[in-house]
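Structural characterization, general
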Amino acid sequence: MEKRGVCQFLLDHATRAPISFHMPGHKGEAIYRENGYGRFLDQMMDCDITEIPGADNLFQTEGIIKETMERYAKLYEAKESYLLINGSSAGLIAAILSCAPAGGEIIMARNCHKSIFNGVSLAGAEPVYAYPQLIADYGISGEITADEITRCLSEHPGSSAVILPSPNYYGVCSDIKAIAQLVHDAGKILIVDQAHGAHLKFFDRYIGDSVKAAENLGADIVIDSVHKTLASYTQSAVVNLCSDKVDKYEFEDKLQLIESTSPSYLLMASLDINADLLERKGKDLIWQWEENLQYFYRRAAEIESLRVMDHPLLDHTKINLDMSAYGIDGLHLEELLMKQGIFVELVTGNIVMCMTGIGNKRYDFDRLFSALREIASNRQITINSAPAKQILTQKKLVQKPLPRQKERIKLKEAAGRVCASSIIPYPPGIPVICPGEIIDQEILNYVKELREKGEKVIGIDDQDRVVVGKERV
């Protein structure tokens, strides 16, 4: 087997001139070169420095880094903004550590990203799960409703904060305005994982068909993964503190526990470039993006029996496609698109999710449409298409205290045991089972099916074992 390594793989992939409908949102160097940042790309290695005089310090900002933070605070209309060079995960964990006392309860969406589960574990807090709605036609998680948050607040009045994703991985937002009112009336803090919605603030501002950005809807802490849909490099993000309910000094202290002490100036520079692009050309770039999306949706409607997900709370920059009417499930559709040089972000059941970004061009949308039309033309419509496989984050599992003593056992023997280490399909990075939940046969069958299809599942070792509590239920 030929050994290529990371570098050679990346060079080989780039040579293919692939069409990116996955993160990051810049989609390659074109958006930088077209907007005056070619010199930065040409001299990038020389820009990889440390905290030399004049370069400021991420943990005591007084100069150039502070200037970039202030630009983001102005862009997002936040009280404070912080640069993240360890991804949104760092900001989410710091937010939890600053709001959730050890031994206390925190209300969290059951379909949160694994970093939030990690944060709750590090804080020594007890999770209280708010369960998302199910979009049954597509077998995916939908919104967290205000009614569900009301239930959690009523049953757990001592909880300190509420944290949920909006939008979720598929682009479905929750009613943050209503949820924020409930949370604040209960005297608690609302943290919104907006990792997949860093662009929403600017769609609200320039397109304005609806308001979805958590910064506009009353959230206290909002974490934006800028790299996912906007123009910064992978692993760069920002945290926006949006209210006086958050002690910024406590948050800063916790953030320093999580962030690297050797922050990448290349990542911070890319955040600075992204801010500059939004300041100078944000309106034009967002409008071009919107026009390209509307163009694609109009063309996609021409393909008979291609299902393109629609939802009243959907962030339409996430294009969810379903060709099961042609007997094509999500994994097969992904494979057919890759043969045409198109790479997508996520597959779940029958759905392929194409994550668009600020760097996508009209050409990319044309290529996607043409590929889908060709796939459809080579297939006959199957009347009895297979139903979507439902994911299990809505399933209310029996919970037990977290196991103190643990052991590894074969996955096939784990039914009825208490989970001691999360099992997480990746992507989307949402645990199907968490520590303290009892593993049932449905979970095992689902995980087995994922692995047989070749999907990645974190939490299962190379000997097909999982971590469970030693004590039997």
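This write-up is about the structure you can find in this document. (Residues numbered from 1 in each chain as written. Predicted model: local features only at pLDDT ≥ 70, side-chain atom pairs only at ≥ 80, totals over all residues. Heavy atoms only, no water.)

1. With respect to empty space enclosed by the protein
Counted only if it meets this: The rule is simple: put a 1 Å grid over the protein atoms alone, call a set of points where a 1.4 Å probe fits but cannot get out a cavity, call an open set with protein on both sides within 12 Å along at least five of seven lines a pocket, and count a residue as lining if it has an atom within 4 Å of a point. Grid points are joined across faces, edges and corners, and a volume is the space filled by probe spheres set on the points. When residue character is reported, Ala, Val, Leu, Ile, Met, Phe, Trp, Tyr, Cys and Pro are called nonpolar, Asp, Glu, Lys and Arg charged, and the others, Gly included, polar.
Summed over all chains, the structure comprises two cavities of 30 Å³ or more. Taken as a whole, the second largest cavity holds about 80 Å³ of empty space. A per-class count over the lining of the second largest cavity returns three nonpolar, two polar and four charged.

2. A few points about the nonpolar core
Test applied: Here, the term nonpolar core denotes a set of buried Ala, Val, Leu, Ile, Met, Phe, Trp, Tyr and Cys residues that are joined through side-chain atoms within 4.5 Å. When a residue's accessible area, from a 1.4 Å probe over protein chains only, is under 20% of the maximum for its type it is buried; when over 50% it is exposed; and in between it is partly exposed. Note on conventions: DSSP H or I runs of at least 4 residues are helices, E runs of at least 2 residues are strands, and numbering of each starts at the N terminus.
Within the largest apolar cluster, 121 residues are counted, with the highest numbers of intra-cluster contacts made by Leu190, Phe296, Leu337 and Leu372. Broken down by element, this core gets its largest block of residues, 16 residues, from helix α12 (residues 265-300). Formed by 18 residues, the second largest nonpolar core is a distinct cluster that contains Leu397, Leu411, Ile433 and Ile443.

3. Some details on helix α8 (residues 176-185)
Stated precisely, the cut-off is as follows: Think of it as the arc spanned by the lines of direction from the helix axis to the C-beta atoms. We call two residues in contact when some of their heavy atoms are within 4.5 Å.
Of the positions making up α8, those classed as buried are Ile176, Ile179, Ala180 and Val183. Around the axis of α8, the buried residues are gathered within 100° of arc, so they sit on the same side. Those residues of α8 that are exposed and aimed more than 90 degrees away from the buried face are Lys177 and Asp185. Of the surrounding elements, those touching the buried residues of α8 are α7 (146-155), β7 (161-165) and β8 (189-193). Just downstream of α8 lies Gly187, where phi reads positive at about 75°.

4. Examining the sheet that holds strand β14 (residues 346-348)
Strands belonging to one sheet form pairs held by backbone hydrogen bonds; the direction of such a pair is parallel or antiparallel. Note the cut-off: Should DSSP find at least two bridges between two strands, the strands are regarded as paired. Note on geometry: axes are lines fitted to C-alpha atoms, helical ones only across the stretch in contact, with angles between N-to-C directions running from 0 to 180 degrees.
Overall, antiparallel pairing links the four strands, which are arranged β11-β12-β15-β14 in an open sheet. Edge positions in the sheet fall to β11 (307-308) and β14, since each of these pairs with one other strand and no more. Judged from the two bridges that link them, β11 and strand β12 (residues 318-322) form a sheet pairing that is antiparallel. Each bridged residue has a counterpart across the sheet, and for Arg307 the counterpart in β12 is Asp322. Along the sheet, helix α13 (residues 330-338) contacts β12, β14 and β15 (351-355); its crossing angle with β15, the most-contacted strand, is approximately 45°.

5. Digging into unusual backbone geometry
In this structure, Pro24 follows Met23 across a cis peptide bond, with omega equal to 0°. Relative to the helices and strands, Pro24 resides in the loop between β1 (19-21) and α2 (30-34). Residue Pro167 is reached from Ser166 by a cis peptide bond, and omega for that bond is 0°. Following the sequence through the fold, Pro167 ends up in the loop between β7 and α8.

6. So, the sheet that holds strand β2 (residues 80-84)
Sheet architecture is open: seven strands sit in the order β2-β10-β9-β8-β7-β3-β4, paired in mixed fashion. The sheet is open, and its two borders are formed by β2 and β4 (126-130), each paired with just one other strand. Direction aside, neighbouring strands of the sheet carry axes that sit 20° apart on average. Pairing between strand β9 (residues 221-224) and strand β10 (residues 237-241): four bridges, direction antiparallel. Of the residues in β10, the one forming a bridge with Val222 is Asn240.

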